[in-house]
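Each chain is listed here by its residues.
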Amino acid sequence: MSAAIAGLHPSILREYDIRGIVGETLTEDGMRNIGRAFGTIVRRQGGSRIAVGYDGRLSSPMLEAALVAGLIETGAAVSRVGLGPSPMLYYATHHLQSDAGMMVTGSHNPADYNGIKMLLQGRPFFGPDIQALGDLVRRQDFERGSGQAEERPVAAEYVARLVAAMEPGRALRVAWDPGNGAACDVLKLLCARLPGTHTLVNAEVDGTFPAHHPDPTVESNLEQLKSAVREHGCDAGIAFDGDGDRIGVVDSAGRVIWGDQLLVILAKAVLDELPGATILADVKSSQLFFDEIERMGGKPLMSKTGHSLIKNMMTETGASLAGEMSGHSVVAHRYYGVDDALYAAVRLLSILARSSATLAEMRDAMPTFVNTPELRIDCAEQRKFEVVAEVRRRLKTIPGLNVHDLDGVRVSTPDGWWLLRASNTQPVLVGRCEAKTAEGLSRLLGELARQLRMSEVDPEALQPYLA
Ligand SMILES: [Zn+2]
């Protein structure tokens, strides 16, 4: 079944969020029905207060209006926080004590996409929750009521909250690239109030993303940031994705501080205050993370990949900090346990301001492994989970092999480890290999390539690393 029912195309109901192509799979009619269904869920749980925000995409104001119209019909009381990054909306739900929040955003996707991220009672709303929402639309099973909406901007309060988290220390020079995304306006307010010298590039909201794709985990998107860091002699460069829930960091030499390395730096400050704290990293993370957290007296745990899954595991384990290779950094220590890239940036700057070591020195002090970045291996949507299951079955027949199958397979060998998992959001398999030596890495890559070929998947994405 692929046809839209009540304006709702089934393909838009995804694992972690709602996402589609504007005017094709994601329509005003569909948004209104999503509003009716989500409002119904909130009302039936005894709530009524819903905060709604939207990102800088051209289609976002129109989609937000349709969504709010649907919410009001269920009797909900809607606080419209307006244009800003996803974490500002997350902040609003806590600050305004809302029962739920909805963020109209296409995150880092191409300009013709848009979607919604949701939270309910402070928890991510995803997986079966989203399917249940789709069922309400299909059945047109909605609460009726006369709700209302008020404009409730929170940018000034949000920025004040971020500024309050900055700790005193030496003055820093920082370059920023919000990628013309939704964080631009609050970032400008933030930089005006933070100590130090700040250089901003691509800081005007532009839903066509004229400078580069707003995804800081793709290194080519960090070129302008690296140039700005070099030109202005900055201590660090910081980039955000399109909706400000993911961070990218470069040091003074323009080298990328990857998600797991950033997490180690953020964790040290948390563990100084909370010895023994639990810190989570996703299954793609380096052994560096697990070794360093243990060395610093913390409790490292491995989580599935996916910002909703990691936030839920954080609640379940009482973790103080969590992060992903993708740049989601979630701080629960002195904050709300949401993936707020601006807050993570302030925590990083606080650490740098107080430290005698530079960010580059912190990076150089970390034990080195030879590893690949995240390898994205094209694989048909309907095959990707099967391929991982096939690989898992073959590995199970190898006696004594150490396979961690929390999310895909993460295979440990004397050389290091390799990972293969299916993306929950794209038609790709994700791989990563890490070893102590270059020869070890070749062996791991060779094994991953062999497994892919056995399942008739082209291992071409591994070629650049197979020396
Ligand atoms: Zn995002």
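A quick note: this is a predicted structure, and the numbers were derived from the prediction, not measured. (Residues numbered from 1 in each chain as written. Predicted model: local features only at pLDDT ≥ 70, side-chain atom pairs only at ≥ 80, totals over all residues. Heavy atoms only, no water.)

J.: Report on the coordination of the zinc ion, specifying residues and quantitative values.
T.: At the metal site, the zinc ion is ligated by Ser107 (OG), Asp241 (OD), Asp243 (OD) and Asp245 (OD), and these contacts range over 2.0 to 2.5 Å. Counting the intervening residues between successive donors of the zinc ion yields the motif S-x133-D-x1-D-x1-D. Of this pair, Ser107 sits in the loop between β4 (100-104) and β5 (113-120) while Asp243 sits in the loop between β10 (236-240) and β11 (247-251), and the two are 136 residues apart along the sequence. Taking relative accessible area as the criterion, Asp243 reaches 0% and is therefore assigned buried. (Donors = N, O, S within 2.8 Å, 3.2 Å for Na, K, Ca; no water. Helix = DSSP H or I, 4+ residues; strand = E, 2+ residues; numbered from the N terminus. Buried < 20%, exposed > 50% of the residue type's maximum accessible area, 1.4 Å probe, protein only.)

J.: Please provide a residue-by-residue account of helix α3 (residues 86-95), values included.
T.: Among the 10 residues in α3, eight count as buried, and that is most of the element. Here α3 has its buried residues at Ser86, Pro87, Met88, Leu89, Tyr90, Tyr91, Ala92 and Thr93.

J.: How would you sum up the sheet that holds strand β15 (residues 321-323)? Please name residues and give values.
T.: Ordered in space as β14-β13-β15-β16-β17, the five strands form an open sheet in which the pairing is mixed. Strands at the two margins of the open sheet, each flanked by one partner only, are β14 (299-303) and β17 (338-339). Two strands pair when backbone bridges link them, and strand β16 (residues 329-331) and β17 are joined in this way by two bridges, in the antiparallel orientation. Bridging across to β17, Val330 finds its partner in Asp339. On the sheet, helix α9 (residues 287-295) packs against β13 (278-282) and β14 and is oriented at approximately 155° with respect to β14. (Pairing = 2+ DSSP bridges. Contact = heavy atoms within 4.5 Å. Axes fitted to C-alpha atoms, helices over the stretch in contact; angles between N-to-C directions.)

J.: Just give me the short version of unusual backbone geometry, but keep the residues and values in it.
T.: The backbone of Gln140 sits at a positive phi, close to 50°, despite the residue not being glycine. The topology assignment puts Gln140 in the loop between α4 (128-139) and β7 (148-151). Here the phi dihedral of Glu456 falls at roughly 60°; this positive angle occurs in a residue that is not glycine. Structurally, the position occupied by Glu456 is in the segment after α14 (438-454).

J.: Describe the environment of Ser220, with residues and values.
T.: Mapped onto the secondary structure, Ser220 falls in the loop between β9 (197-200) and α7 (223-232). As a C-alpha pair, Ser220 and Leu8 span 212 residues in sequence and 35 Å in three-dimensional space.

J.: Run through the pattern of salt bridges, naming residues and quoting values.
T.: Any two side chains of opposite charge can pair, given that their charged atoms come close. Tallied over the entire structure, the rule returns 40 salt bridges. One salt bridge in this structure joins Arg57 and Asp55, with 3.2 Å as the shortest N-O distance. Like Arg57, the residue Asp55 is buried in the burial classification. Among the ionic pairs, Asp260 bridges to Arg432, the shortest N-O distance being 3.2 Å. Note that Asp260 is positioned in helix α8 (residues 259-273) and Arg432 in strand β23 (residues 428-435), a separation of 172 residues in sequence. Here Asp260 falls in the buried class, since its relative accessible area comes to 3%. Members of the salt-bridge network, linked through shared partners, are Arg32, Arg36, Glu73 and Arg144. (Salt bridge = Lys/Arg side-chain N within 4 Å of Asp/Glu carboxyl O.)

J.: An account of the pairing of strand β21 (residues 409-413) is requested, with residue identities and associated values reported.
T.: Alignment of strand β20 (residues 402-404) against β21, held across three bridges, turns out to be antiparallel. Within the sheet, the bridge partner assigned to His404 lies in β21 and is Arg410. Two successive antiparallel strands, β20 and β21, enclose a turn made up of four residues, where Gly408 displays a positive phi of approximately 75°. Relative to strand β22 (residues 416-422), β21 runs antiparallel, the two being bridged by five bridges. Counterpart to Val411 in the pairing with β22 is Trp418. The turn linking β21 back onto β22 is made up of two residues.

J.: With reference to specific residues and values, describe the pairing of β10.
T.: When you tally the buried positions in β10, you get five out of five residues, the bulk of the element. The two faces of β10 match: Ala236, Ile238 and Phe240 on one face and Gly237 and Ala239 on the other face are all buried. Where strand β8 (residues 173-177) meets β10, four bridges bridge the pair, whose relative direction is parallel. What sits directly across from Val174, in β10, is Ala236. Here β10 runs beside β11; their pairing, made up of five bridges, is antiparallel. Its bridge partner lying in β11, Gly237 is registered against Val250. In this structure, the hairpin formed by β10 and β11 is closed by a connection of six residues, where Gly244 is found at a positive phi of approximately 70°.

J.: Account for the side chain of Asp99, naming residues and giving values.
T.: When you line up the elements, Asp99 lands in the loop between α3 and β4. One buried charged residue, Asp99, remains without a salt bridge, the closest side chain of opposite sign being Arg49 at 5.1 Å. Not counting chain neighbours up to four residues away, the residues in contact with Asp99 comprise Val42, Gly47, Ser48, Arg49, Leu120 and Gln121. (Lys, Arg positive; Asp, Glu negative; His and termini not counted.)

J.: With reference to specific residues and values, describe helix α6 (residues 184-193).
T.: Taken as a whole, α6 has its buried residues at Cys184, Val186, Leu187, Leu190 and Cys191. Down the axis of α6, the smallest arc covering the buried residues is 160°, so these residues share one side. (Arc of directions from axis to C-beta.)

J.: Would you mind going over the state of the cysteines in detail, with residue names and values included?
T.: Counted under the stated rule, the structure contains zero disulfides. In this structure Cys191 is a free cysteine whose sulfur lies 11 Å from that of Cys184, the closest cysteine sulfur available. A relative accessible area of 10% means that Cys191 is categorised as buried. Free of any disulfide, Cys234 has its nearest neighbouring cysteine sulfur in Cys191, separated by 11 Å. (Disulfide = S-S within 2.5 Å.)

J.: Before we move on, can you summarise the packing of aromatic side chains with the specific residues and values?
T.: Under the defined criterion, the tally for this structure stands at eight aromatic pairs. Measuring from centroid to centroid gives 6.0 Å for Trp176 and Phe240, while their planes differ by 40°, and the two rings are tilted. Residue Trp176 is found in strand β8, and its partner Phe240 is found in strand β10; the two are separated by 64 residues along the sequence. Take Trp176 and Phe240: they sit in the same class, and that class is buried. Aromatic side chains Tyr335 and Tyr343 sit 3.7 Å apart centroid to centroid with 5° between the ring planes, which places their arrangement in the stacked category. A relative accessible area of 8% means that Tyr335 is categorised as buried. (Phe/Tyr/Trp six-rings, centres within 6.5 Å; stacked < 30°, edge-to-face > 60°.)

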